[in-house]
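Listed here are the chains, written in short residue letters.
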Amino acid sequence: LHWHREAVPDIPFQMLLRGANAVGYTSYPDNVVYEFCKLAKETGMDVFRVFDSLNYLENMKLGIDAVGQAGGIVEAAVCYTGDVSCPDRGMYDLEYYLGFVRELEAQGIHVLAIKDMAGLLKPEAAHMLVSAIRAEHPNLPIHVHTHDTAGTGVASMIAAAKAGADAVDAAMDAMSGMTSQPSLGALIASTAGGDLDTGMSLKTVSKVNEYWEECRGLYAPFESGQKSGSADVYIHEMPGGQYTNLLYQSTQLGLTGQWSAVKESYAVANRLLGDIIKVTPSSKVVGDMAQFLVANGLSYDEVIDQAETLSFPKSVIEYFQGYLGIPPFGFPEPLRSRVVKGQTIPGTNMSCFSGRPGAAMPPMDLTAEKKKLEEKWSGGSTNDAHNHVIRDVDVLSHAMYPSVYDEYMEHLTEFGQLNYVDTRTFLTGMHVGQELAVTLEPGKQLVVKLIGVGEPNEDGVVNIQFELNGQPRMAHIKDKSVGGEVTTRSKALKDVAGSVGAPMPGVVLETKVNKGDKVKHGDPLVSLSAMKMETLVSAPCDGTVKNIEVTAGDQIEAGDLIVEIDES
């Protein structure tokens, strides 16, 4: 961020802040959120779009206050779902949104954002919502955000502007459309010469767009494969930012060819969870539940009937425990009671939070956390690459993403800074004979030429011959694609309660029991992870652990036997 701030000193930067969830997926101690906002503002952030994934006002208040204390511009968001133009849509009607905006305005916000994360805001609904808000709040700046999943984004943004919105979000043409934002060029051209003329030159913007066209080509291998917009978003209500991610995750979870089933199950999962606002992190809960339903062939009624014996994803359990806050219309019963039965929030004797989760958390000792990171990543090594200076931003990064931060530091320790390498080389590597100039700083340049790549030896190590500023060098690199044994695992017996199988493919994080342990129904057995989705497999019956078939780090498939319990 500070590099961007130095390069672009005069244009305000804006970021998303997930209220009490900061930039993470769960709740954090209050002091972590306040310190994060303070550091973000000091490092160069200006506008904070504060939202909550459930429109939970208590979470919003914390985020708003944290940004205000940091001196940032508070753009508080009302997250949009449903359809205010349809009288039969249900709970999320026009009065619901007006009531929530009144509560936000009373907090002293600077700007109101309407965050339409799934692209559900149809043109007529945009007109109704914005005009109603403008009538009640004539002096409150209104900023509208949408996604173009169904292809109606440009029309909706023009309708919002005509109804009184002050700003709308758009994307450069090369990066726009489908699950992204509507096209900036289309908005400029559509409003030219009228009351909403942007004053921007389409020719100038098109020149900038040429850069992004070329840039997007570099990342073509990572495209989702989505070819067009899809109006079925009005049925499943999946956020644009999640759509392509979930499509990829479903493939990795062995659900290839079942994308239509995943989308249908997303709508079912939403109903099971209480028809909630869906945006990170609540959308992750819905997505995890949807994939869980498809992977296990479960219907709406089966989930409710079998809830006490199912091993739900961790995110689903924590949602029902109130880790994200309280949904606008409460938790659905009896599902909630059945899911949290026997569950306890770590460090407490509570099964659920009764209010804002962070309010019940003790402050994090950031000084002590920094000392731990310094002991782990600074000093004590003769290799300078292992001696990292731990800054306050490192402490906050670790506080919210401990495992991700550790992976980053391990990568940094092994490879050093790679931001000097151009994108194409970073993604595809060098070819034999290629010469690459790497500028470390003004006046300091390295010239690397790849001479040859050997064959892997019996240990999978490859000899790499290259020149560095004309001097011959050699490196020995482990080819991780070589070697490794394929493990064939037994499958769990479906009709035997004590034969516990994996609910979906993934990696074993931790085994919670040992052979010979006595377990009761609902006790945790094994923790699994797959594509950011954690699942705690629980005992389906009382008994004694007969065998444990997995250990931490094992890769498993759905249905693989992981634990055997003797019910006798």
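Keep in mind that this is a model prediction, so the values were computed, not measured.

1. Structural notes on the overall build of the protein chain
Tallying secondary structure elements over the protein chain gives 19 helices and 18 strands in all. Once the C-alpha set of the protein chain is aligned to its principal axes, its extents read approximately 70 × 70 × 50 Å. Taken across its 568 residues, the protein chain has 45% of its residues classed as buried. Considering only contacts within the protein chain whose residues lie at least 6 apart along the sequence, 62% involve residues at least 24 apart. About 28,300 Å² of surface is accessible on the protein chain, with carbon and sulfur atoms providing 52% of the total. Here the protein chain contributes 45 positively and 73 negatively charged side chains, and the mean placements of these two sets differ by 1 Å.

2. Let's talk about the side chain of Ser180
Of note, Ser180 is situated in the loop between strand E6 (167-168) and helix H7 (184-191). In this structure Ser180 comes out as buried when scored by relative accessible area, which is 17%. Side-chain polar atoms of Ser180 contact the backbone oxygen of Met175, separated by 2.7 Å. In contact with Ser180, other than residues within four places in its own chain, are His147, Asp148, Ala171 and Met175.

3. Observations regarding the sheet that holds strand E12 (residues 506-511)
Strand order in the open sheet formed by four strands is E15-E14-E12-E17, and the pairing between neighbours is antiparallel. If you trace the sheet from one side to the other, it starts and ends with strand E15 (533-538) and strand E17 (555-556), each paired once. As paired elements, strand E14 (residues 524-530) and E15 share six bridges and run antiparallel to each other. Along E15, the bridge assignment pairs Pro524 with Ser538.

4. As for the packing of aromatic side chains
A complete count under the given rule lists 13 aromatic pairs for this structure. Centre to centre, the rings of Tyr243 and Trp259 are 5.3 Å apart; their planes meet at 80°, and the pair counts as edge-to-face. Here the residue Tyr243 occupies a position in helix H10 (residues 240-252), and Trp259 occupies one in helix H11 (residues 259-273), the gap between them amounting to 16 residues. No difference in accessibility class separates Tyr243 from Trp259, as the two residues are buried. One aromatic cluster is present, built from ring pairs that chain together Tyr80, Tyr92, Tyr96, Tyr97 and Phe329. Directly above the ring of Tyr25 sits Arg18, whose terminal nitrogen or CZ lies 5.2 Å from the centroid.

5. Structural notes on the sheet that holds strand E7 (residues 435-441)
Within a sheet, each strand pairs with its neighbour through backbone hydrogen bonds, oriented either parallel or antiparallel. Spatial strand order, E7-E8-E9-E10: four strands in an open sheet with antiparallel pairing. Where the open sheet ends on each side, the last strands, each with one partner, are E7 and strand E10 (471-478). For this sheet, the mean angle separating the axes of adjacent strands, direction not counted, is 35°. Pairing between strand E8 (residues 444-453) and strand E9 (residues 461-468): five bridges, direction antiparallel. Opposite Gly452, over in E9, you have Gln465 as the bridge partner.

6. Observations concerning unusual backbone geometry
At the junction of Thr280 and Pro281, the peptide bond is cis and its omega measures out at 5° in the coordinates. Turning to its location among the elements, Pro281 is positioned in the loop between H11 and helix H12 (282-296). Omega for the bond connecting Glu333 with Pro334 falls within 30 degrees of zero, at 10°, which places this linkage in the cis form. Note that Pro334 resides in the loop between helix H14 (314-320) and helix H15 (335-340). Phi angles above zero are rare outside glycine, and Glu237 is one such case at about 65°. Mapped onto the elements of the fold, Glu237 is located in the loop between helix H9 (233-236) and H10. Judged by its relative accessible area of 6%, Glu237 falls in the buried class.

7. Some thoughts on empty space enclosed by the protein
For the structure shown, the criterion picks out one cavity of 30 Å³ or more. There is about 40 Å³ of room inside the largest cavity. Counting only elements with at least two residues in the lining of the largest cavity, the list comes to E14 and E15.

8. As for the confidence of the model for the protein chain
Mean pLDDT over the protein chain works out to 92, with 98% of the residues at or above the 70 mark. Considering only residues more than four positions removed or in separate chains, one finds that residues 380-385, a stretch of pLDDT under 50, has four contacts.

9. A short note on helix H17 (residues 392-400)
Inspection of H17 places Asp394, Val395, Leu396, His398, Ala399 and Met400 among the buried residues, and these make up the whole buried set. In this structure, the buried residues of H17 make contact with helix H2 (30-43), helix H16 (366-377) and helix H18 (402-415).

The rules we used
- Residues numbered from 1 in each chain as written.
- Predicted model: local features only at pLDDT ≥ 70, side-chain atom pairs only at ≥ 80, totals over all residues.
- Heavy atoms only, no water.
- Helix = DSSP H or I, 4+ residues; strand = E, 2+ residues; numbered from the N terminus.
- Buried < 20%, exposed > 50% of the residue type's maximum accessible area, 1.4 Å probe, protein only.
- Contact = heavy atoms within 4.5 Å.
- Areas by Shrake-Rupley, 256 points an atom, 1.4 Å probe, with all protein chains shown as cover.
- Lys, Arg positive; Asp, Glu negative; His and termini not counted.
- Charge placed at Lys NZ, Arg CZ, Asp CG, Glu CD.
- Polar contact = N/O pair within 3.5 Å; in protein donor to acceptor, adjacent residues only side chain to side chain.
- Pairing = 2+ DSSP bridges.
- Phe/Tyr/Trp six-rings, centres within 6.5 Å; stacked < 30°, edge-to-face > 60°.
- Lys NZ or Arg CZ within 6 Å of the ring centre and 35° of its normal.
- Axes fitted to C-alpha atoms, helices over the stretch in contact; angles between N-to-C directions.
- 1 Å grid on protein atoms, 1.4 Å probe; cavity = no way out; pocket = protein on both sides within 12 Å on 5 of 7 lines; lining within 4 Å.
- Points joined across faces, edges and corners; volume = space filled by probe spheres on them.
- pLDDT = per-residue confidence, 0-100.

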